[in-house]
Amino acid sequence: MIRTSSIFQRLILLLPVCLVCVVQLNAEHLPLKRVVELALSHSTSMISAHADEQRAFASYLQTRDQYIPQMAVGSGLGKAWGYPLSLEGSAPSIVNTTAQSAVFNPALREFVRAARTEYQESMLQTKDQRDQVIQDTVLSYAELCKWQDVNTHASREYDDALKMEQLVNQRIQEGVDSALARNQARLVTARVYLRISQAQGAVDVLRNRLSQLTGLPASSIEADADSMPRLPEVKQEDNLVSKAEQSSPLVQIADLRATALDFRARGEHRSLWPTLDFAAQYALLARFNNYQNYFQPGSFQQHNATVGVVIRFPVLNPSQHAHAQAADAEALHARKDTDSTKNRVSEQTLKLQRSVEQLAAAQQVVDLEYQIAKSNLDAVQVRMDSGSATLHDAEDARVQANQRYSDLQDANFELQRARIALLRVTGELGNWVGVAP
């Protein structure tokens, strides 16, 4: 009865391992570059960023096109009693055409420059959002590679644990081991099963995340660790801080925002300068409006046109003076924000550079510990074959080696994460993946 129950429990525990194998058979190996390309074309944040860029470009055109004559054609039909009064500022007419545009407007010239700078800022924001999508995709892909490897390794551990549990049961039946050994063997199996469950849960979450990024079914995504390019080595003597300040989109965005506000402040001040606009109007007047009754005989004509310029000299406008001073303060604030952003990027880059150095040292320590644990396992196996080591010595060495392997995978991923973040701040992430800007 005990043997049947034990076999049944092992069959239940084998179910997740079988499910993992089935999922891996149905999954498609996707290289990193392909996943990033799909994420860039499918990402909702990228679509939103492109929409903001188009809106900024339209705002620039709206401001610039005030130099192009704006023409309107309409009609002001109406019955007049007495002298024909105007309808919405124009004389009653069969056809009325107006045209106007800016000719000399110092304020408008500055506002056009500000709008063009804001459009350039939106393009950089799109680039920054693109880098963010690439970073999120690469990190999810790298983490999926890690957990897939952990899952595969844990599945092999699970087979070994079941075999060890079976050997312990046989030794108990033969009177070599006690019931405590059975519980210890079961504990090892349960721990491996827990690791498989954790790994499979992480794999499912990461596949779902990549599915949302790429639009592919989650069950069809299988990461290929070999498709990830080799990360460049980070030399601590390299001046990455200066490189990050020059290439960081955050610094460039802050600088362009400050420049745009400078232009707007200048535009608010120049709104107090004289302006010159082009204006023209044509009207076809109707005789039933009684125009001819108020003109000398023979002097009335139906076709009328006026072409000229409108000159304005602002004389007194305290409100505009205050508005210009507020714009100056806003521009000064933006310029100081640029300095703060540059300092923040410099500090972040330096921290990442030093973090890579520390994580690389930690990864080397963990790797050596794993190599030692693995060598110890091999040595115990040799001693066990010669009869100088027990089954429990081999099991303890295997558990220790497996734990060091898990620690090594975690250390490798943390080092990858730091190096990828460093590539992001230095503007080299897209080139590293191989995705054209």
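Above this text you will find the structure in question.
Residues numbered from 1 in each chain as written. Predicted model: local features only at pLDDT ≥ 70, side-chain atom pairs only at ≥ 80, totals over all residues. Heavy atoms only, no water.

Visitor: What's the story with the overall build of the protein chain in this structure? I'm lost.
Guide: When you go through the protein chain residue by residue, the secondary structure sums to ten helices and six strands. Taken over the C-alpha trace, the protein chain has a radius of gyration of 38 Å; the compact-globule value for 437 residues is 22 Å, which it surpasses by more than 25%. The C-alpha extent of the protein chain, read off along each of the three principal axes, is 135 × 50 × 35 Å. For the protein chain, buried positions account for 40% of its 437 residues. Nonlocal contacts in the protein chain, meaning residues at least 24 apart in sequence, comprise 85% of its contacts between residues at least 6 apart. (Helix = DSSP H or I, 4+ residues; strand = E, 2+ residues; numbered from the N terminus. Rg over C-alpha atoms; globule rule 2.2 N^0.38 Å. Buried < 20%, exposed > 50% of the residue type's maximum accessible area, 1.4 Å probe, protein only. Contact = heavy atoms within 4.5 Å.)

Visitor: Whenever I open this one, the packing of helix α7 (residues 249-270) against helix α8 (residues 318-386) confuses me. Can you help?
Guide: Where α7 meets α8, the closest approach of the two axes is 8 Å, and the angle between their N-to-C directions is 165°. The orientation of α7 with respect to α8, classified from their angle, is roughly antiparallel. Crossing geometry of α7 relative to α8 is assigned as left-handed. Of the residues assigned to the contact of α7 with α8, the class counts are eleven nonpolar, six polar and seven charged. (Axes fitted to C-alpha atoms, helices over the stretch in contact; angles between N-to-C directions. Parallel < 35°, antiparallel > 145°, perpendicular 65-115°, else oblique. Left-handed = near helix turned anticlockwise from the far one by under 90°. Nonpolar A, V, L, I, M, F, W, Y, C, P; charged D, E, K, R; others polar.)

Visitor: I tried to follow the sheet that holds strand β3 (residues 93-104) on my own but got confused; where do I start?
Guide: Two strands in a sheet stick together by hydrogen bonds in their backbones, pointing the same way (parallel) or opposite ways (antiparallel). Spatially, the four strands line up as an open sheet ordered β2-β3-β5-β6, and their pairing is antiparallel. Each end of this open sheet is capped by a strand with a single partner; those strands are β2 (70-76) and β6 (303-312). Taken pair by pair, the neighbouring strands of this sheet meet at an average axis angle of 15°, ignoring direction. Sheet topology note: the β3/strand β5 (residues 275-284) ladder contains nine bridges and is antiparallel. Counted as the bridge partner of Ala102 is Asp277 from β5. (Pairing = 2+ DSSP bridges.)

Visitor: So what exactly am I meant to see when it comes to helix α6 (residues 240-247) here?
Guide: The α-helix advances 3.6 residues per turn, and as a result positions three or four apart in sequence lie on the same side. All of the buried residues in α6 are Leu240, Val241 and Ala244. Along the axis of α6, the buried positions cluster into a sector of 105°, meaning they face one direction only. Summarising the contacts, the buried residues of α6 are in contact with α8 and α9 (391-425). (Arc of directions from axis to C-beta.)

Visitor: Would you mind showing me how to read the packing of aromatic side chains here?
Guide: Scanning all chains against the criterion turns up six aromatic pairs. On the numbers, 5.2 Å between centres and 80° between planes, the contact of Tyr83 with Tyr294 is edge-to-face. Taken together, the positions of Tyr83 in the loop between β2 and β3 and Tyr294 in the loop between β5 and β6 put the pair 211 residues apart, joining distant regions of the chain. Ring-pair connections join several aromatic residues into one group, and the members of that group are Phe57, Tyr60 and Tyr119. (Phe/Tyr/Trp six-rings, centres within 6.5 Å; stacked < 30°, edge-to-face > 60°.)

Visitor: What is the right way to look at unusual backbone geometry in this model?
Guide: The general pattern is negative phi for most residues beyond glycine and trans for most peptide bonds. At Asn290, a residue that is not glycine, the phi angle is positive and equals roughly 70°. The topology assignment puts Asn290 in the loop between β5 and β6.

Visitor: Even after reading the chapter, I still don't get a nonpolar patch on the surface, so can you show me in this structure?
Guide: Taken together, Val309, Ile311, Phe313, Val315 and Leu316 make up a surface patch of nonpolar side chains, about 610 Å² in accessible area. On the basis of relative accessibility, which here comes to 75%, the residue Leu316 falls in the exposed class. (Patch = residues over 30% accessible without salt bridge, like charges linked within 9 Å, V, L, I, M, F, W, Y side chains within 5 Å. Areas by Shrake-Rupley, 256 points an atom, 1.4 Å probe, with all protein chains shown as cover. Salt bridge = Lys/Arg side-chain N within 4 Å of Asp/Glu carboxyl O.)

Visitor: Explain the nonpolar core here, please?
Guide: Nonpolar side chains in soluble globular proteins tend to be buried together. Grouped together as the largest cluster of nonpolar side chains are 34 residues, with contacts concentrated most on Val36, Val138 and Trp432. For this core, the secondary-structure elements that each account for two or more residues are α2 (32-42), α4 (106-173), α5 (179-214), β4 (221-223), α9 and α10 (429-433). Per-element tally for this core: the top contributor is α4, with ten residues. In this view, Trp432 contacts Leu32, Val138, Met228, Pro229, Arg230, Leu231, Pro232 and Leu423; residues no more than four positions away in its chain are not counted. One finds Val356, Leu415, Ala418 and Ala421 within the second-largest nonpolar core, a separate group that totals eight residues. (Core = buried A, V, L, I, M, F, W, Y, C linked by side-chain atoms within 4.5 Å.)

Visitor: Even after reading the chapter, I still don't get the environment of Asn208, so can you show me in this structure?
Guide: In this structure, Asn208 sits in helix α5. Look at Asn208 and you get partly exposed, because its relative accessible area is 38%.

Visitor: What is the right way to look at the environment of Leu422 in this model?
Guide: Tracing the backbone shows Leu422 in helix α9. Leu422 gets classed as buried once you look at its relative accessible area, which sits at 4%.

Visitor: So what exactly am I meant to see when it comes to the pairing of β5 here?
Guide: When a strand is regular, its side chains alternate between the sheet's two faces. Here ten bridges tie β5 to β6, and the two strands are oriented antiparallel to one another. Paired with Phe278 across the bridge in β6 is Val309.

Visitor: Can you walk me through the side chain of Ser211 in this structure?
Guide: Inspection of the secondary structure assignment puts Ser211 in helix α5. In this structure the side chain of Ser211 is engaged in a polar contact, spanning 2.4 Å, whose partner is the backbone oxygen of Leu216. Ser211 has contacts with Leu216, Pro217, Ala218 and Ile221, leaving out every residue within four places of it along the chain. (Polar contact = N/O pair within 3.5 Å; in protein donor to acceptor, adjacent residues only side chain to side chain.)

Visitor: I would appreciate a short explanation of the pattern of salt bridges in the present structure.
Guide: Side chains carrying opposite charge are able to pair once their charged atoms draw close together. Summed over the entire model, instances satisfying the criterion amount to 21 salt bridges. For Arg113, the salt bridge is made with Glu110, and the minimal N-O distance between the two is 3.2 Å. One end of the pair is Arg113 and the other is Glu110, both in helix α4 and three residues apart, which spans about a single turn. When its relative accessible area of 0% is taken as the criterion, Glu110 is described as buried. Residue Asp277 is joined to Arg312 by a salt bridge in which the shortest nitrogen-to-oxygen separation is 2.9 Å. One end of the pair, Asp277, is in strand β5; the other, Arg312, is in strand β6, with 35 residues separating them in the sequence. On the basis of relative accessible area, Asp277 is assigned to the buried category, the value being 18%.

Visitor: In this structure, what is going on with the packing of α2 against α5? I would like to understand it.
Guide: Between two packed helices, the angle of one axis relative to the other and the distance separating the axes together describe the packing. It is at 7 Å that the axes of α2 and α5 come closest, and there the two elements cross at 55°. The pairing of α2 with α5 is recorded here as oblique in orientation. Facing Val35, Leu38, Ala39 and His42 of α2, the residues of α5 in contact are Leu210, Gln212, Leu213 and Thr214. Of the residues assigned to the contact of α2 with α5, the class counts are five nonpolar, three polar and no charged.

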